[in-house]
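Structural characterization, general
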Amino acid sequence: MTTASFTIPRSVEWKDEKIILLNQQKLPHVNEYLEITTVQEVWDAIHTLKVRGAPAIGITAAFGLAQASLTYETESLEDFYAALKKDHDYLASSRPTAVNLFWALNRLLTSVKTAVSVNEAKTLLTHEAIQIQIEDEEVCRRIGENALSLFKGGNRIMTICNAGSIATAKYGTALAPFYIAKERNIPLSVFACETRPVLQGARLTTWELMQADVDVTLITDNMAAHTIKTKGISSIIVGADRIAANGDTANKIGTYNLAILAKAFEIPFYVAAPLSTFDPSISDGSEIPIEERDPKEVTHFNGVSIAPEGVNVFNPAFDVTPHELVTGIITEKGVLTGNYQQEIKELFKEDN
Ligand code: MRU
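Residues numbered from 1 in each chain as written. Predicted model: local features only at pLDDT ≥ 70, side-chain atom pairs only at ≥ 80, totals over all residues. Heavy atoms only, no water.

**Quick word on the UniProt feature "site: Transition state stabilizer" (unreviewed entry) in the chain**
With numbering aligned to this structure, UniProt lists the feature "site: Transition state stabilizer" (unreviewed entry) at Cys 161. Mapped onto the elements of the fold, Cys 161 is located in the loop between strand 6 (156-159) and helix 6 (176-183). Filtering out sequence-adjacent residues up to four positions away, Cys 161 remains in contact with Arg 52, Cys 193, Thr 195, Gln 200, Gly 201, Thr 205 and Lys 252. (UniProt positions renumbered as here; feature names shortened; annotations may be inferred. Helix = DSSP H or I, 4+ residues; strand = E, 2+ residues; numbered from the N terminus. Contact = heavy atoms within 4.5 Å.)

Pasting the structure below:
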């Protein structure tokens, strides 16, 4: 949990066949850890944002599928695979946009293909889920190093939502450079958009960064243009939920606004994401399914109604930033900066 002299929180742990989840719904004022033991609880935790953030969703679902498999009481591999596929599909229905969910669940299915017994299959699944988490931590660290190379001491950088440690295995994607800068005593300041309607910026990004003593200032989403202009914001960095083959990027609703502002103010707009967030099977952002959530997230604030009863509501949880507005996509393998179509193709050629 601790690097150098500051704390970097984690959201998911696998302990004695249980999933221990930091309940992100309750942050920042209550630190509650949930002990998850059933596949229904895993589905609910992802669906209701107790765990959220693309890589963390993938890791949790992987543990959920591995955990579910341990309960299958059969010696027949055929029956085992049937049960596994059913739970795979169930967990895959928990949220639609972040591709890491499907990537992680499919990785688990692939990992058992060589199993010659049910017992071996169970061991392989648990091992693969743990491996996904270990790899994500390393990958995030590398994304942080690559992102930090784009910043200079004293920079003020804007972000939205929470693409931090608790959205991944550790460090985060968009927030990883700030942890690494802190380790190296490089001063960077973060301006965090609150991120209506669920307030991941206000509740989670500020909470994370303040624990690491990173200089962070909270603004509401509609203060972004004024803040860029008056506070000398040098760049914007965000995470991603799914990146299409041409670089179009789905991320938290409001990200597209920031990309347009970056263009207007002629500052760089960076997306930080692991390869597990790319979906080269879709040619552009129009194919990314955008989750629409409960209207109550918009009509209510902390359980209190703030809008007339019965008002029409549109509540998309994500938007798609066209690749033309993205200055660079920061991955664990380096920074993509030009012809995304070509670079993404190359990246996946290398990876296979
Ligand atoms: O609805 P959320 O909170 O799961 O949305 C999260 C984001 O949009 C993050 O920016 C993205 O998943 C990247 S997390 C490293």
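**A word on the packing of aromatic side chains**
Tallied over the entire structure, the rule returns eight aromatic pairs. Seen from their ring centres, Trp 43 and Tyr 90 are 5.9 Å apart, and the 15° between their planes marks the pair as stacked. Here the residue Trp 43 occupies a position in helix 1 (residues 39-47), and Tyr 90 occupies one in helix 3 (residues 77-92), the gap between them amounting to 47 residues. Using a relative accessible area of 28% as the deciding quantity, one classes Tyr 90 as partly exposed. With a centroid separation of 6.0 Å and 70° between ring planes, the pair formed by Phe 80 and Tyr 81 is classed as edge-to-face. With a relative accessible area of 0%, Phe 80 lands in the buried category. A residue is classified by how much of its surface remains accessible, and Tyr 81, at 29% relative accessible area, is partly exposed. Aromatic rings pair up to connect Tyr 72, Phe 80 and Tyr 81 into one cluster. (Phe/Tyr/Trp six-rings, centres within 6.5 Å; stacked < 30°, edge-to-face > 60°. Buried < 20%, exposed > 50% of the residue type's maximum accessible area, 1.4 Å probe, protein only.)

**Regarding the pattern of salt bridges**
Tallied over the full model, the rule gives 15 salt bridges. Between Glu 291 and Arg 95 there is a salt bridge, with the nearest N and O atoms lying 2.8 Å from each other. With Glu 291 in the loop between strand 13 (278-279) and helix 10 (296-299) and Arg 95 in the loop between helix 3 and helix 4 (99-111), this pair connects stretches of sequence that are 196 residues apart. What makes Arg 95 buried here is its relative accessible area of 7%. The salt bridge partner of Arg 141 is Glu 145, with a shortest N-O separation of 3.8 Å. Of the two residues, Arg 141 and Glu 145 both sit in helix 5 (residues 118-148), four residues apart, roughly one turn of that helix. Residue classification places Arg 141 among the partly exposed positions, given a relative accessible area of 21%. Because the salt bridges share partners, they merge into one network encompassing Arg 95, Glu 291, Arg 293 and Glu 297. (Salt bridge = Lys/Arg side-chain N within 4 Å of Asp/Glu carboxyl O.)

**Let's talk about the site of the ligand**
The ligand sits among 17 residues. The nearest are Arg 52, Ala 54, Arg 95, Asn 251 and Lys 252. Contacts to the ligand include Ala 54, whose backbone N or O atom sits 2.8 Å from an oxygen atom. In the environment of the ligand, an oxygen atom lies 2.8 Å from a nitrogen or oxygen atom belonging to the side chain of Gln 200. In isolation the ligand offers 420 Å² of accessible surface; the protein chains occlude 99% of this area. Those elements giving two or more residues to the shell around the ligand turn out to be helix 2 (54-69) and strand 11 (249-252). Classifying every residue of the shell around the ligand by side-chain character gives seven nonpolar, six polar and four charged. (Near = heavy atom within 4 Å. Polar contact = N/O pair within 3.5 Å; in protein donor to acceptor, adjacent residues only side chain to side chain. Areas by Shrake-Rupley, 256 points an atom, 1.4 Å probe, with all protein chains shown as cover. Nonpolar A, V, L, I, M, F, W, Y, C, P; charged D, E, K, R; others polar.)

**Description of the nonpolar core**
By size, the foremost hydrophobic cluster in this structure holds 40 residues, and its most contacted members are Ile 19, Leu 21 and Leu 108. The set of elements that each furnish at least two residues to this core consists of strand 3 (12-15), strand 4 (18-22), strand 5 (33-36), helix 1, helix 2, helix 3, helix 4 and helix 5. Considering each element in turn, this core owes the most residues, 10 residues, to helix 2. Beyond its immediate sequence surroundings of up to four residues, Leu 21 is in contact with Ser 11, Val 12, Glu 32, Tyr 33, Leu 34, Ile 36, Ala 45, Val 51 and Thr 60. With 30 residues, the next largest nonpolar core counts Ile 233, Ile 236, Leu 261 and Val 271 among its residues. (Core = buried A, V, L, I, M, F, W, Y, C linked by side-chain atoms within 4.5 Å.)

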